[in-house]
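Summary of structural features
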Amino acid sequence: MTTPLLKLAQVSKQFGGNYALTDISIEVNPGEVLCLLGDNGAGKSTLIKTLSGVHKPSSGTVEVEGVPTVFESPKDASALGIATVHQYGGTFPLMSISRNFFVGQEPTKGPWPFKYFDRKKAGEITVTEMQKLGITRVTDGDRLAGSLSGGERQSLAIARAVYFGARVLILDEPTSALGVKQSTHVLRLIMHARAQGIAVVFVTHNVTHAMAVGDRFAVLIHGKKADDFRKGERTREQITDLMAGGEAMAELEAELAELTGPIRTK
């Protein structure tokens with residue numbers, strides 16, 4: 001049996017007298033995509049921050065490859081191969097693509113103490129890694145990150161995470177506010193990462209996108225795990241209804257009843 005790369009067991013997070021997360025248990029396995037689904041306010045952001053070391057659990061345990069672990073900061077999580085990519089990749093628009101790729105880990109050349117940023121090497125690596133992910137129109141590492149599309153900025157952030165050894169890739173709403181073509185490209189990136197054996201946590205409220213790439217699913221409602229299941233065990237309608245707290249179908253039927261009269265069932 002494969003040991004999960006990342007595991008949360010009965011994790012709760014409390015702020016003052018309020019629980020943002022309650023008894024959350026999830027596993028993230030190598031070469032799998034775990035989709036965390038939930039509407040706004042479901043607790044997805046708090047869970048991401050707990051997975052990535054921003055928040056410490058109020059109770060419960062976090063394990064990395066079976067070893068109980070306490071993240072003191074996101075740096076601790078990153079050192080263990082847990083990378084988080086936020087919407088639009090967290091890029092700096094007025095910095096070059098290569099500067100964004102190597103921010104905080106810049107290659108240098110020259111003798112100490114006169115070392116300086118090796119722009120040529122950084123640019124070559126950045127372009128190569130992005131082209132591996134299908135961004136072939138990027139040929140210049142000095143190009144400003146702000147000139148990239150939303151999907152290309154996601155590609156830049158994912159390429160950076162993979163290059164620096166990410167084993168768990170947490171993607172926070174990567175397709176939100178993207179067009180169809182750009183969203184499709186990001187979904188391909190997720191499948192590419194999975195094929196490389198990386199564990200992917202895909203956080204989204206878009207059921208269609210989740211079902212396209214997900215292997216396992218967990219639905220959050222008000223900070224609690226309402227359900228978890230594998231691919232093919234739920235329909236899109238069932239998942240959507242669950243995310244809405246079971247209210248979606250009832251509301252739809254009520255609206256239809258106002259327009260056409262009561263819905264008759266056999």
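Our subject is the structure listed above.
We now turn to the structure provided with this report.

Calculation criteria
- The numbers attached to residues start from 1 for each chain and follow its sequence in the written order.
- Totals for whole chains, interfaces and linings use all residues, but because this is a predicted model, local features are given only for residues with pLDDT of at least 70 and pairs of side-chain atoms are given and counted only at 80 or more.
- The side-chain figures draw on all heavy atoms in the structure; neither hydrogens nor water molecules are used.
- Helix and strand definitions here come from DSSP, where helices need a minimum of 4 consecutive H or I residues and strands a minimum of 2 consecutive E residues; each element is numbered from the N-terminal end.
- Note on classification: 1.4 Å probe, protein chains only; a residue is buried when its accessible area is under 20% of the maximum for its type, exposed when over 50%, partly exposed between these limits.
- Contacts are residue-level and defined by heavy atoms, with any inter-residue pair within 4.5 Å sufficient.
- Surface accessibility follows the Shrake-Rupley procedure with a 1.4 Å probe radius. Residue values consider only the protein chains on display as shielding.
- When charges are counted, Lys and Arg are positive and Asp and Glu negative, with His and the chain ends excluded.
- Charge positions come from single atoms, namely NZ of Lys, CZ of Arg, CG of Asp or CD of Glu.
- Put simply, two rings from Phe, Tyr or Trp (the six-membered ring, in Trp's case) pair if the centres are within 6.5 Å, and we call them stacked under 30 degrees between planes, edge-to-face over 60, tilted for the rest.
- Both a distance and an angle decide whether a charge sits over a ring: NZ of Lys or CZ of Arg must be within 6 Å of the ring centre and within 35 degrees of the ring normal.
- Here, expected helix span is obtained from the residue count minus one, scaled by 1.5 Å.
- Every case where a carboxyl oxygen of Asp or Glu lies within 4 Å of a side-chain nitrogen of Lys or Arg is listed as a salt bridge.
- A pair of strands is treated as paired once DSSP finds two or more bridges between them.

Next up on the list: the overall build of the protein chain. Secondary structure assignment for the protein chain yields nine helices and 12 strands. With respect to the principal axes defined by its C-alpha atoms, the protein chain has extents near 80 × 40 × 40 Å. Expressed as a percentage of the 266 residues in the protein chain, the buried residues total 44%. Sequence-distant contacts, at least 24 apart, represent 64% of the contacts inside the protein chain between residues at least 6 apart. With the model as given, the accessible surface of the protein chain reaches about 13,800 Å², and the carbon-plus-sulfur share is 53%. Where the 30 positive side-chain charges of the protein chain centre and where its 28 negative ones centre are 7 Å apart.

Looking at where Ala 195 falls in the secondary structure, it is placed in helix H6 (residues 180–195). With a relative accessible area of 68%, Ala 195 lands in the exposed category. Ala 195 sits 163 residues away from Glu 32 along the chain, and the two C-alpha atoms are 8.6 Å apart.

A few words now on the packing of aromatic side chains. Counted under the stated rule, the structure contains seven aromatic pairs. Consider the rings of Phe 101 and Phe 164, whose centres lie 6.2 Å apart with planes at 40°: the pair is tilted. Placement of the pair is Phe 101 in helix H3 (residues 97–102) and Phe 164 in the loop between helix H5 (150–163) and strand S9 (168–172), with a sequence separation of 63 residues. On the basis of relative accessible area, Phe 101 is assigned to the buried category, the value being 0%. Take Phe 164: its relative accessible area is 30%, and that puts it in the partly exposed class. A cation over a ring is seen here: Arg 99 above Phe 117, with NZ or CZ 3.8 Å from the ring centre.

The next thing to look at is H5. Look at H5: 20 Å from first C-alpha to last across 14 residues, which is about the 20 Å you get at 1.5 Å a residue. Most of H5 is tucked away, with 11 of its 14 residues classed as buried. For H5, the complete set of buried residues consists of Gly 150, Gly 151, Glu 152, Arg 153, Gln 154, Ser 155, Leu 156, Ala 157, Ile 158, Ala 159 and Ala 161. Gly 165 lies just past H5 and shows a positive phi near 90°.

Take the pattern of salt bridges next. Counted according to the given criterion, the structure contains 13 salt bridges. In this structure, Arg 230 engages Glu 32 in a salt bridge whose closest nitrogen and oxygen atoms are separated by 3.2 Å. Within this pair, whereas Arg 230 is found in strand S12 (residues 224–230), its partner Glu 32 is found in the loop between strand S2 (18–28) and strand S3 (33–37), the two being separated by 198 residues in sequence. The class for Arg 230 is partly exposed, based on a relative accessible area of 39%. Each member of the salt-bridge network shares a partner with another, and the members are Glu 32, Arg 216 and Arg 230.

Right, let's talk about the pairing of S2 for a bit. Two faces, one strand: in a regular strand the side chains alternate between the faces of the sheet. Pairing of strand S1 (residues 6–15) with S2, which is carried by seven bridges, proceeds in the antiparallel orientation. The residue bridging Lys 13 from the neighbouring strand is Leu 21, located in S2. Count of turn residues in the S1/S2 antiparallel hairpin: two residues, of which Gly 16 carries a positive phi of about 65°.

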